[in-house]
Structures are given as structure tokens and as C-alpha cells.
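Fold and contact review
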Amino acid sequence: MNTPDAASRIATPRISPAIASAVAALGPGPLREEALRTHIFPLFSRILKRPGIYLANHSLGRPLDQMSSDVQAALDAWYRDMDNAWGPWLDELHSFRNNIACLLGVSRADAVVPKTSAGQGLRAVLNALPSPAPRILTTRGEFDSIDFILKTYHHRRRADVTWIEPHTTPDQPPRFRTDDLIAALAREHFDLLVVSPVFYATGQVLDDLPRVISAAHAKNTLVLLDCYHAAGVIPLALESLNADFAIGGSYKYTRGGPGACWLMIHPRHLTPERDDNNHEPPFRTLDTGWFAKRDTFKFERPEKPLLAHGGDAWMEATPAILPLYQAKSGLELTLALGVERLRAYSLEQLTFLEATLRQHNIPTRRGGASPEHSGAYLLISHRDTTAFCDRLKARSVIADARLGNARFAPDILTTRDELTAAAAVIAESFASGATA
Ligand SMILES: Cc1ncc(COP(=O)(O)O)c(C=O)c1O
């Protein structure tokens, strides 16, 4: 693929001036509601016109106004420039890879490959493993898309999958134990471990991930992390963590809508970006296409496929362009605000909501043993979560539910007044059904 030279591939955030100056106006230090209202809320004027209290930010994130003008700019380039639109489109592809690398704490932009779903990223890795039926270790807590793909490979005998069960107690959400994963890794050999650092249904943050990764590597097991509920929520340093692969996407916490997803391959698994000795890459996936060729636009067709250097060898066929523009503004805002500050603010909001609900005698739960071991939302257990969420929706409080728990995620656009009002509605709606 034709990409910028190596020097420009060292990942440092690329942030457009409007977002950079709005965030700079907040000043340094912790995020505060007053300053967010003054400087950041105006970037969201369209979505903030919607009535109601939106607490499903963990499901579909709210877009900036800029999102639609970015997509429009991509389309305008097409109308105006036809073939020449590929210039700005491919620049945007590079910016997306670069900014996701920054979000994940990875030094090389080419270590990130765009995908249209997280599941597509998983399949690219499964289809790169040398064994025709690799042994996979995973948990019962992986999201449906990932679980379904693994079950499909398992039932078609294209993989041999072992699932770790959660521990359940009556008054806590089901939790996965690091020691169970480590014991399974020690017991038998697996080719790949697939696990979420933050579990989708409960928000549990998996304890002691470095220990899990070391235990896997000690037995030559590769590790793929599903970071959909972690990226943009908790600070990540995947390169130093030594995760082999990671998948995720933009439609939740980075406000990028569906279709802008990614696969990260640890830089140590990539050939040098300029490889004069033409080393073979350590992994070659079957999920390939002409954007993975050594020089996409030279149109050469040697009998043995000649792969691009570095992470470009993991590209596929013609990439989807509009999702990159859709994802641009939300990703830039996340990077400009900084995941550390977003996390601290989210924890404050969750603590406030929890305390307010307690005043209404509504018991809440966290996915992990403490707020720090839990993701970006609060849980309320209910016998009939669907009816509970429907009652909330009828009163314009938007939440959702998974596996017996309703999930409530404020974000930087949620005010304390909204949390106070939502708590009262939650209490009234909760009362019409009993706890599980
Ligand atoms: C943990 C996790 N992984 C993956 C996905 C989405 O997977 P896909 O992009 O394959 O549909 C989600 C969506 O909710 C998720 O929560």
C-alpha cells in the first residue's frame, strides 16, 4: 500500500484545531462540569437538542456536530475531485490508524489495521494462526459477536475452543477470576487466548492483566484482547503490556458510529517498516487483498504474493472510507481530553449516581470488586430488566440491559442535575418490579 514514510508513522495524536482549542480552553487538571458546559458542550449542539437523559453512552456514543461535516467533506472531495479524492481519503486512513495507535499506547501507526467490525479483526487473527484447528482459550464473558465467531469455528472444527466460566454469587454480578485463566493456561497448551480487559455485560475490569499475559507467553500462547469496553475508558499501554493482538471499535466511547473498527498487531510481530532484506512477516493472514500488496498501485502480479512491509501486510481489500471520517472527531476529542481525565471524571459521576440512588434505596452494583476494577457504567439488578428499561424509556431515561443487569453510563455531556433527575425516575420505575 502507498503510505507516508516511516518518520511520519511514529504515532503522536493528530487533532484538528477546533477540537484542540476547545479542549485547551478547559485548562489543565481534572475535568469540571462548568468548564465542560462552556467549552465542550457547544461542540455537541445537535445531539444536546434531543430531549431526555441519555445514559447509554456505553452502547452508542453521542457524536460531535463536526462528525457530519467531516463525512460531508469526504463526500465533497468525491463529487469535486473524483479519482483525486483518494489523496485525502488515504491521508484520513493514516490519521485513523495513527490516532487509534495513540489511544492504545502503541508506537507505530501501521500496527493498527482498520476493520469494519471487531469480529473481522478476530477472524483475521484466527486465519493467521499456523494450525488448521488452533486451540483457543476464552471466557463465557466475551461479547456475542466474538462468542458467535468462536463457536462457529469450533463447530466447523476450524478451532478447538475452551471456555472459562464466571464465578457467581447471589449479590454480585458474575465475575471472572484471573487465577482461573492462569490455571487453564498452565494446564494445557493453547495457541491463542481471547479475553476482554473490560467485560461487556458487567463492566468488570479483569484483574492483573500483565500476569495473565506473562502466563500465556510462558506457554507460547498468543493473546488477543477485545478492548471494545476498555479503549477510551481506561488508559491503555498495549505495547508495553505486550498484548499480541487487540480488537475494538469506535461506536461507543469514542463516538465514531458503526463501521470504524480496528485490529492491533503488536509491533514485535511486524517486519520493519522498510525491510530491504525482504523478511517474511511472522504471521500471514488469509484475510487479505490488494491493499496488503507490497505496492498496491503498481499493479504487479508475481505468482507468490508479495506482502507490504510492517502492519500494511495486514490490510485487506479496498478499505471503507466513510467510517474513518465518521470516527475522526470523537477520536480526536478523546485523545485531546486524555483518557486519564475522562476516567477520573467518569468515576466521579458514577460515585455521585450511586450515592443519589442509595438515597432512594436503590441498590447498585459494579462489575468489579471496586470502582477502579469496574468500567464506565453502573449496574442495577432487576427481575425483568427489559420491562424496567422500557419504563425508564417511557420517561425519557435511556439505559439498556444485559444478562439481568440494567446498565447506566453517564459521559462528559451528562450533568449532575440530569443524574439527580434520572435517579428519581429510576427509583420510581424500579419500584414497579422487584429485584432479582
Ligand atoms: C466487548 C465487545 N466486543 C465487540 C463488540 C462488537 O463486535 P462487532 O464489531 O464484531 O459487532 C461489542 C459491541 O457491543 C462489544 O461490547
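Conventions we followed
- Residues numbered from 1 in each chain as written.
- Predicted model: local features only at pLDDT ≥ 70, side-chain atom pairs only at ≥ 80, totals over all residues.
- Heavy atoms only, no water.
- Domains from an automatic or database assignment.
- Contact = heavy atoms within 4.5 Å.
- Buried area = accessible area lost by both parts, 1.4 Å probe.
- Salt bridge = Lys/Arg side-chain N within 4 Å of Asp/Glu carboxyl O.
- Helix = DSSP H or I, 4+ residues; strand = E, 2+ residues; numbered from the N terminus.
- Patch = residues over 30% accessible without salt bridge, like charges linked within 9 Å, V, L, I, M, F, W, Y side chains within 5 Å.
- Areas by Shrake-Rupley, 256 points an atom, 1.4 Å probe, with all protein chains shown as cover.
- Buried < 20%, exposed > 50% of the residue type's maximum accessible area, 1.4 Å probe, protein only.
- Pairing = 2+ DSSP bridges.

Some details on the domain arrangement of the chain
Looking at the chain, the domain boundaries give domain 1 (88–332) and domain 2 (339–431). Relative to domain 2, the C-alpha centre of domain 1 lies at a distance of 30 Å. Taken together, the contact pairs 22 residues of domain 1 with 23 residues of domain 2. Carbon and sulfur atoms make up 55% of the area that domain 1 and domain 2 hide from each other, which totals about 1700 Å². With a closest N to O distance of 2.9 Å, Arg255 and Asp411 form a salt bridge. The leading source of residues in the side of domain 1 that touches domain 2 is strand β6 (residues 172–175), at 3 residues.

Details of a nonpolar patch on the surface
Together, Trp290, Phe297 and Phe299 make up a nonpolar patch on the protein surface, roughly 290 Å² of accessible area in all. Counting through the fold element by element, Trp290 comes out in the loop between β10 (261–265) and α10 (322–337). Since its relative accessible area comes to 31%, Trp290 is described here as partly exposed.

Observations concerning the pairing of strand β2 (residues 112–115)
With burial as the criterion, each face of β2 is covered, one bearing Val112 and Pro114 and the other bearing Val113 and Lys115. Sheet topology places β2 next to β10; 4 bridges connect them, and they run antiparallel. Its bridge partner being in β10, Val113 is matched across the sheet by Leu263.

What to know about unusual backbone geometry
The phi torsion of most residues other than glycine is negative, and most of the peptide bonds are trans. Unlike most non-glycine residues, Asp208 shows phi in positive territory, near 55 degrees. Following the sequence through the fold, Asp208 ends up in the loop between β7 (192–195) and α8 (209–218). The exposure class assigned to Asp208 is partly exposed, which follows from its relative accessible area of 40%. The phi dihedral of Phe299 is positive, around 60 degrees, even though this residue is not glycine. For Phe299, the position within the fold is in the loop between β10 and α10. Phe299 gets classed as exposed once you look at its relative accessible area, which sits at 54%.

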